[in-house]
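# Topology and contacts: notes
This is what each chain is made of:
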Amino acid sequence: MNPRSYLAETLSLACVLGLSSCEQKTEHAEAPSPPEVLVTQVVKVDVPIIRQWVGTLEGSNNADIRARVTGYLQKRNYQEGSFLKEGDLLFEIDPRPFEAALAAAKSQLAQAQAIQAATEADFQRSQGLFDKKVISVQEYENKRQLNESNVANVGALEAALETAQLNLGFTKITAPFDGIAGISQAQVGDLVGPASSTSTLTTESKVDPIRLYFPISEREYREHSNLLRDAMNKPDSERQAVIEMLFADGTVYPQKGTFSFINRQVDPTTGTILVAANFPNPERTLRPGQFAVARAAIENIPDALVVPERALVDLQGNYQLGVLSADNKAEIRPVKIGPRYNRQVVITEGLKEGDKVIVEGMQKVRPGMVLKAKPYEEKADTANSQTRPEQKAPTS
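Bear in mind that the values here come from a model prediction, so they are computed numbers and not experimental data. (Residues numbered from 1 in each chain as written. Predicted model: local features only at pLDDT ≥ 70, side-chain atom pairs only at ≥ 80, totals over all residues. Heavy atoms only, no water.)

To continue, consider unusual backbone geometry. Pro209 follows Asp208 through a cis peptide bond whose omega is 5 degrees. Within the secondary structure, Pro209 sits in strand E9 (residues 200-217). Residue Asp303 is not a glycine yet carries a positive backbone phi of 55 degrees. The exposure class assigned to Asp303 is exposed, which follows from its relative accessible area of 52%. Positive phi, normally seen in glycine, also occurs at Gln316, with a value near 50 degrees. Along the chain, the position of Gln316 falls in the loop between strand E14 (313-315) and strand E15 (318-324). (Helix = DSSP H or I, 4+ residues; strand = E, 2+ residues; numbered from the N terminus. Buried < 20%, exposed > 50% of the residue type's maximum accessible area, 1.4 Å probe, protein only.)

So this is what it looks like as structure tokens:
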């Protein structure tokens, strides 16, 4: 056989076999399936606008317990940090100087009363004699004025006696209300009094209810001043417990608080105004000085369009969503968002009710791509979790 003919036949056979193999591979290759995504429909719901502010707990009533009279501290009758009832004895100042002053005041008053009684009788006699024109006008006037002077002197000594009695009573210092006593600032044997360096003997705070003070910005105050005014105009008994309190570890205090008052002025250094809320504290576990967060729903957005928060794509503050069209093609839409609530976010612009939003699988999506959609279902632990409010930077 001619070598050239053999080579040509061999090449022809190889081409035929190669084409046959390519045709078989093409026949067996399958088209790639569309990416699978989880979608949910945009719905309308009423969404509460929730805000939170960092605050500080204080007693609903706080008092510096001071000595009203000067003397040596004789006894301390309370346990520091203990719970007090109104009228409980806290301190005793040496009463002996005040007992002596009271005795002197009683003696002086008795003496003045005796003198006044004598001048009163003399004046009554002189009045009869004056009516009969036995004594002169001058003598009559002298006796009348002497009696009036003694009457006034008795009144002054009665006031001095009352002062002496008060001062003696002030040697026993009692709790002005139910509360928690602080550390004693004075020790037994100290000279105490209004003018001494240890005039404050201790402090006491009423902690049931306890008060949470928190600042709100001037802008928030302007936006919600009408709501705050209406709340202040209601009697305490009609104010609803709508304010929650959270601690640093994320736990929520079991009892809600009521709005108490708003301060009279804006702090010019911070641009905030102070708001106070009262919380029940029957176990007296909350103490003044603790930090806590106040959380409240301040108003409601009716018929808001909401989508799961995890569907959002955040591009440096610009938000996008993946939307599935009627022909199952992907569309990337820029949107504007509103408040976040219960792991949902309000969409204020870019969506309409009934749109299908891609919740999971966005990393596989490109605009115009055909997708295989399955319904998104909220996980049980997420659906039943505690409401998470809109996050807000603490106001200093």
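A volume near 570 Å³ is recorded for the largest pocket. In terms of lining residues, the largest pocket is bounded by 20 residues, among which Leu227, Leu228, Ala231, Val242 and Phe259 are the most central. Mapped by element, the contributors of at least two residues to the lining of the largest pocket are E9, helix H4 (218-233), strand E10 (241-246), strand E11 (257-262) and strand E13 (291-308). In terms of residue count, the dominant contributor to the lining of the largest pocket is H4 (six residues). In the lining of the largest pocket, the residues fall into 13 nonpolar, three polar and four charged. Considering only enclosed or pocket space, the second largest pocket measures out at about 220 Å³ in volume. Around the second largest pocket, the lining residues are Ala63, Asp64, Ile65, Arg66, Arg68, Phe170, Lys172, Ile173, Thr174 and Pro176. Only strand E2 (43-66) and strand E6 (172-174) provide two or more residues apiece to the lining of the second largest pocket. In terms of residues, the lining of the second largest pocket owes the most to one element, E2, which gives four residues. (1 Å grid on protein atoms, 1.4 Å probe; cavity = no way out; pocket = protein on both sides within 12 Å on 5 of 7 lines; lining within 4 Å. Points joined across faces, edges and corners; volume = space filled by probe spheres on them. Nonpolar A, V, L, I, M, F, W, Y, C, P; charged D, E, K, R; others polar.)

All right, on to the side chain of Thr119 then. Looking at the element boundaries, Thr119 is found in helix H2 (residues 96-131). Owing to a relative accessible area of 11%, Thr119 belongs among the buried residues under this scheme. The contacts of Thr119, once residues within four sequence positions are left out, are Leu146, Asn147 and Asn150. (Contact = heavy atoms within 4.5 Å.)

Turning our eyes to something else, we now look at H4. A maximum bend of about 70 degrees is found in H4 at His224. Turning to H4, its buried residues number three or more, namely Glu220, His224 and Leu228. (Bend = angle between axes of the 7 residues up to and from the residue.)

What follows covers the sheet that holds strand E5 (residues 89-93). Taken in spatial order, the four strands of this open sheet run E6-E5-E3-E8, and their pairing is antiparallel. Two strands in the sheet have a free side with no partner beyond their single neighbour: E6 and strand E8 (191-192). Here two bridges tie strand E3 (residues 71-76) to E8, and the two strands are oriented antiparallel to one another. Paired with Tyr72 across the two strands is Leu191, which belongs to E8. (Pairing = 2+ DSSP bridges.)

Positionally, Ser260 belongs in strand E11. Its relative accessible area of 15% is what places Ser260 among the buried residues. The contacts of Ser260, once residues within four sequence positions are left out, are Arg211, Arg239, Ala276, Ala277 and Asn278.

Here we come to the confidence of the model for the protein. Mean pLDDT over the protein stands at 84; residues scoring 70 or higher make up 88%. Per-element mean pLDDT across the protein ranges from 45 in helix H5 (residues 380-383) up to 96 in E5. Here residues 13-17 is a poorly scored stretch, pLDDT under 50, and it has zero contacts once near neighbours within four places are set aside; other chains count. Of the regions scoring below 50 in pLDDT, residues 381-396 engages in 38 contacts with residues more than four places distant in sequence or in other chains. (pLDDT = per-residue confidence, 0-100.)

For helix H3 (residues 137-169), spanning 33 residues, the distance from its first C-alpha to its last is 48 Å, which sits close to the expected 48 Å at 1.5 Å a residue. Of all the residues in H3, the buried ones are Tyr140, Asn147, Asn150, Val154, Leu157, Leu161 and Ala164. Structurally, H3 contributes buried residues whose contacts are with H2. (Expected span 1.5 Å × (residues − 1).)

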